[in-house]
Amino acid sequence: MNTAPVPLYLDCDTGVDDALALAYLFNAPAAELVGVGTVFGNVTSAQGAANTAALLGMAGRSDVPVAVGAHDPIAGTFGGGARHVHGHNGVGGVDLPPGHRPGAESAAEMLVRLAHEHPHTLHVLTTAPLTNIAEALRIEPDLPALVANLTVMGGAVWVPGNVTPVAEANVANDPEAARIVLRAGFRTLLVPLDVTLRHHFDDTDADLFTHAGPPLHAALGQMLRHYIGFYESIGFGRRAPLHDPLAAAIAVGEVAATQVRGTALDVLLEAEDRGRTVAVDDPGVPRVGVVVEADPAAAAAIRERIMATAPRTAA
């Protein structure tokens with residue numbers, strides 16, 4: 001029996017791994033992308049929206065609305081992004097054709113609207129700082145009850161961070177927002193560095209995408225090559241972790257989270273611990289599922305979906 005795809009809202013800061021996650025989601029039969037919001041992080045929220053719209057256009061998915069979200073974290077201002085990781089434009093310096101213009105509503109407004117349009121069925125996936133989700137909670141405090149679940153790529157719970165010794169980038173970019181969201185009572189699944197660092201693409205994948213034929217795949221191959229180069233420069237070898245694509249594949253249920261720890265999590269805000277996601281023994285803090293193991297074949301499943309993506313044409 002065929003099962004209808006679930007509606008999915010993506011909140012992202014479109015850099016290279018967000019782009020790979022998008023390309024994966026274009027061809028994921030279990031989910032239908034109904035909206036994308038962008039936030040500061042790898043790039044500005046406006047650049048993230050431009051990157052997202054360009055990729056949607058290349059996939060023939062200009063029907064998916066894009067909304068620009070928060071420009072700055074709750075406390076402080078945007079720190080300038082991660083040009084050294086994702087390139088000056090967030091997509092490895094690759095020039096993408098312009099896509100459709102974002103709508104007038106903010107990302108938080110889009111999320112609230114979609115939650116009301118798809119009550120109890122909307123799945124929310126975040127691959128960026130959680131500022132837009134925190135703002136959506138301010139607009140609609142009942143959001144955790146309205147959405148089906150929330151999958152978050154972020155955090156480093158039992159492993160070191162990637163922007164400080166203790167903090168992962170998405171959480172570190174807005175710790176206050178992360179703390180609000182993790183305490184809000186969503187049915188949350190966290191996909192942290194604990195698991196994403198174990199799944200990779202390498203030069204073989206970059207070559208495969210580059211020579212696949214469609215312009216979307218060629219662009220992904222070039223982006224991935226840049227991303228791999230960064231990880232090589234920090235001693236990771238000629239391979240790049242699948243942070244956002246792995247979260248996307250777990251969110252839509254195609255890749256199994258084989259070990260999940262139900263954990264009460266806090267986000268620390270002070271001094272050298274700022275942005276740290278830490279397990280706490282506090283009955284007042286909601287428990288979230290923390291993924292610590294995933295199917296070893298995750299990279300192969302993600303690769304297969306991306307390679308099968310073909311631009312949609314109008315009916």
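For the structure itself, look to the data block above.
Residues numbered from 1 in each chain as written. Predicted model: local features only at pLDDT ≥ 70, side-chain atom pairs only at ≥ 80, totals over all residues. Heavy atoms only, no water.

Is there a simple way to explain the overall build of the protein in this structure?
Check the secondary structure of the protein and you find 13 helices and 11 strands. Against the globule reference of 20 Å for 315 residues, the protein gives a C-alpha radius of gyration of 18 Å, in line with a compact fold. By principal-axis analysis of the C-alpha atoms, the protein measures approximately 55 × 45 × 45 Å. Counting the 315 residues in the protein, one finds 54% classified as buried. (Helix = DSSP H or I, 4+ residues; strand = E, 2+ residues; numbered from the N terminus. Rg over C-alpha atoms; globule rule 2.2 N^0.38 Å. Buried < 20%, exposed > 50% of the residue type's maximum accessible area, 1.4 Å probe, protein only.)

Honestly, unusual backbone geometry in this entry has me stumped. Any pointers?
Among all residues save glycine, negative phi is the norm, and among peptide bonds the norm is trans. Backbone geometry at histidine 120 places phi at a positive 70°, although glycine is not the residue there. Structurally, histidine 120 is set in the loop between helix H4 (107-117) and strand S4 (123-126). Phi at alanine 271 takes a positive value of approximately 50°, unusual for a residue other than glycine. Of the residues examined, alanine 271 reaches a relative accessible area of 62% and is grouped as exposed.

Help me out: how do you make sense of helix H1 (residues 16-26) in this one?
Each α-helix winds once per 3.6 residues, and so residues spaced three or four apart point in a common direction. Counting buried positions over the 11 residues of H1 gives 11, a clear majority of the element. Within the sequence span of H1, burial applies to Val16, Asp17, Asp18, Ala19, Leu20, Ala21, Leu22, Ala23, Tyr24, Leu25 and Phe26.

For this particular structure, what's the right way to read the sheet that holds S4?
Pairing within the open sheet is mixed, and its 9 strands lie in the order S3-S2-S1-S4-S5-S6-S11-S9-S10. The open sheet has two edge strands, strand S3 (66-68) and strand S10 (277-279), and neither has a second partner. For this sheet the average axis-to-axis angle between neighbouring strands, irrespective of direction, equals 30°. Relative to strand S6 (residues 188-191), strand S5 (residues 149-153) is paired through 4 bridges, and the arrangement is parallel. Residue pairing for S6: methionine 153 is matched across the bridge by valine 191. Against the sheet, helix H2 (residues 45-58) makes contact with strand S1 (6-12), strand S2 (31-38) and S3, and its axis sits at roughly 170° relative to S3, the strand it touches most. (Pairing = 2+ DSSP bridges. Axes fitted to C-alpha atoms, helices over the stretch in contact; angles between N-to-C directions. Contact = heavy atoms within 4.5 Å.)

Would you take a moment to explain the pattern of salt bridges for this structure?
Once the charged atoms of two side chains with opposite charge are near each other, the side chains can pair. A complete count under the given rule lists 16 salt bridges for this structure. With its nearest N and O atoms 2.8 Å apart, the salt bridge here joins glutamate 176 to arginine 274. Here glutamate 176, found in helix H8 (residues 175-182), pairs with arginine 274, found in the loop between strand S9 (259-267) and S10; they are 98 residues apart in sequence, far enough to count as distant. Its relative accessible area of 28% is what places arginine 274 among the partly exposed residues. Note that arginine 198 and glutamate 293 form a salt bridge whose closest N and O atoms lie 2.7 Å from each other. One end of the pair, arginine 198, is in the loop between helix H9 (193-196) and strand S7 (200-202); the other, glutamate 293, is in strand S11 (residues 287-293), and 95 residues separate them in sequence. (Salt bridge = Lys/Arg side-chain N within 4 Å of Asp/Glu carboxyl O.)

Help me out: how do you make sense of the packing of H1 against helix H12 (residues 243-251) in this one?
Helix-helix packing is characterised by the crossing angle of the two axes and by the distance between the axes. Where H1 contacts H12, the axes come no closer than 7 Å and their chain directions differ by 30°. Relative to H12, the element H1 lies roughly parallel. Handedness of the H1/H12 crossing: right-handed. Between H1 and H12, the residues in contact are Asp17, Asp18, Leu20, Ala21, Tyr24 and Leu25 and His243, Asp244, Pro245, Ala248 and Ala249, respectively. (Parallel < 35°, antiparallel > 145°, perpendicular 65-115°, else oblique. Left-handed = near helix turned anticlockwise from the far one by under 90°.)

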